[in-house]
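What the coordinates show
Given next are the chains, with one letter for each unit.
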Amino acid sequence: MHAPLLFFDSGVGGLSVLAATRALLPRAPLVYAADSAGFPYGTKSEAEIAARVPALLGRLAERYRPRLVVIACNTASTIALPVVRAALDLPVVGTVPAIKPAALASRTRAIGVLGTEATVRQAYVDNLARDFASDCLVLRHGSADLVAAAEARLRGEPVEPARFAGALGGLLDQPGGERIDTVVLACTHFPLVATELAAASPRPLRFVDGAQGIARRVAALTEGQAWPETAGAGVAVFTRLGAAEAALAPALARFGLTRIEAL
């Protein structure tokens, strides 16, 4: 049996990273793990996340024996990545806000960072802004509602456009927000609703996320490794499997995940 790539998030946001990786490595076996029992991470404390994520990834690694783990969650990565790497004897790729490419792209030298509340308050984000965007105004906004809206959208539920406009307003209505031309989608859920965000924006904005860079990193780390002739059925595993998770089945199938399991 070929060892899979294991993607981990609190919910379904990491599917944006899985999709980019699948495009580069179409034959790679995939396991997508969502901590639905712990969702959402963005409103939890650092201590809760630092304890929960390594323990869950240890159980997932024992069950699925992956060749590589992708923490496809900005919040979990900025808080728990070093602990996970110390605990697991395999490569672990994290997800961090794409501030560097956003700063390179911005012409107005003003960028917004739209993430979860837990992500945008991290010192990690301070360091990225200092190292790669020191000549930019960097404004941040954390939106738990946008995470919930992305999850609802993937379940096929209608979502009011005002929710997307409200999340953007948290950035654009800040002092200096009128200068922003580039927005970092610093939660993996948000690229899944980038079209809705663009439609709700009062002016054209460039949206930047890290999925392509993560996919390239996974491809580099697995270069030369053997893959099956065909990818086969991908697996989605949830820490709580109920009606909300079952409703995701059609969307999961579009990402190549046709089996659903409970952890």
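Description of the structure in this document. Fair warning: this is a prediction, and the values are worked out from it, not measured in the lab.

1. Considerations on the overall build of the protein chain
Regarding its fold elements, the protein chain presents 12 helices and 10 strands. Computed over C-alpha atoms, the radius of gyration of the protein chain comes to 18 Å, within 12% of the 18 Å expected from 2.2 N^0.38 for 263 residues, which places it in the range of a compact globule. Seen through its principal axes, the protein chain has C-alpha atoms that stretch 55 × 40 × 35 Å. Summarising the internal contacts of the protein chain: among those between residues at least 6 apart in sequence, 76% fall at separations of at least 24. Carbon and sulfur atoms provide 54% of the accessible area of the protein chain, an area that totals close to 11100 Å². Across the protein chain, 26 positive and 23 negative side-chain charges occur, with their mean positions spaced 4 Å apart.

2. Points about the sheet that holds strand β1 (residues 5-9)
Neighbouring strands of a sheet are bound in pairs by backbone hydrogen bonds; such pairs are parallel or else antiparallel. Reading across the sheet, the 6 strands line up as β4-β3-β1-β2-β9-β10 and stay open at both edges, with parallel pairing between neighbours. Bordering the open sheet on either side are β4 (92-93) and β10 (257-262), each of which pairs with just one other strand. Here 4 bridges tie strand β2 (residues 30-34) to strand β9 (residues 234-238), and the two strands are oriented parallel to one another. Paired with Tyr32 across the strands is Ala236, a residue of β9.

3. A word on unusual backbone geometry
Omega for the bond connecting Phe39 with Pro40 falls within 30 degrees of zero, at 0 degrees, which places this linkage in the cis form. With respect to the helices and strands, the residue Pro40 is situated in the loop between β2 and α2 (46-64). Of note, Arg65 is a non-glycine position whose phi angle comes to about 50 degrees, a positive value. For Arg65, the location among the structural elements is in the loop between α2 and β3 (68-71).

4. Side note on helix α10 (residues 211-221)
When α10 is considered as a whole, its buried residues turn out to be Ala211, Ile214, Ala215 and Val218. When α10 is viewed along its axis, its buried side chains cluster within an angular range of 100 degrees and face the same direction. Packed against the buried residues of α10 are β1, α1 (15-24), β3 and β4.

5. Here we look at the packing of α2 against helix α3 (residues 74-87)
Two numbers describe how α2 lies on α3: the axes approach to 9 Å, and their chain directions differ by 60 degrees. Here α3 runs oblique to α2, going by the angle between their axes. For the element pair α2 and α3, the recorded crossing hand is right-handed. Contacts between α2 and α3 involve Glu46, Ile49, Ala50, Val53, Pro54 and Leu57 on the former and, on the latter, Thr75, Ala76, Ile79, Ala80, Val83 and Val84. When its residues are assigned to classes, the contact of α2 with α3 shows 10 nonpolar, 1 polar and 1 charged.

6. Notes on the layout of surface pockets
One number sums up the size of the largest pocket: a volume of about 260 Å³. Along its surface, the largest pocket is lined by 15 residues, and Gly94, Thr95, Val96, Pro97 and Ile214 are the ones closest to its centre. Sorting the residues of the lining of the largest pocket by element identifies α4 (99-105), α6 (123-132) and α10 as the ones contributing at least two each. Residues belonging to the lining of the largest pocket are distributed by class as follows: 10 nonpolar, 4 polar and 1 charged.

Conventions used here
Residues numbered from 1 in each chain as written. Predicted model: local features only at pLDDT ≥ 70, side-chain atom pairs only at ≥ 80, totals over all residues. Heavy atoms only, no water. Helix = DSSP H or I, 4+ residues; strand = E, 2+ residues; numbered from the N terminus. Rg over C-alpha atoms; globule rule 2.2 N^0.38 Å. Contact = heavy atoms within 4.5 Å. Areas by Shrake-Rupley, 256 points an atom, 1.4 Å probe, with all protein chains shown as cover. Lys, Arg positive; Asp, Glu negative; His and termini not counted. Charge placed at Lys NZ, Arg CZ, Asp CG, Glu CD. Pairing = 2+ DSSP bridges. Buried < 20%, exposed > 50% of the residue type's maximum accessible area, 1.4 Å probe, protein only. Arc of directions from axis to C-beta. Axes fitted to C-alpha atoms, helices over the stretch in contact; angles between N-to-C directions. Parallel < 35°, antiparallel > 145°, perpendicular 65-115°, else oblique. Left-handed = near helix turned anticlockwise from the far one by under 90°. Nonpolar A, V, L, I, M, F, W, Y, C, P; charged D, E, K, R; others polar. 1 Å grid on protein atoms, 1.4 Å probe; cavity = no way out; pocket = protein on both sides within 12 Å on 5 of 7 lines; lining within 4 Å. Points joined across faces, edges and corners; volume = space filled by probe spheres on them.

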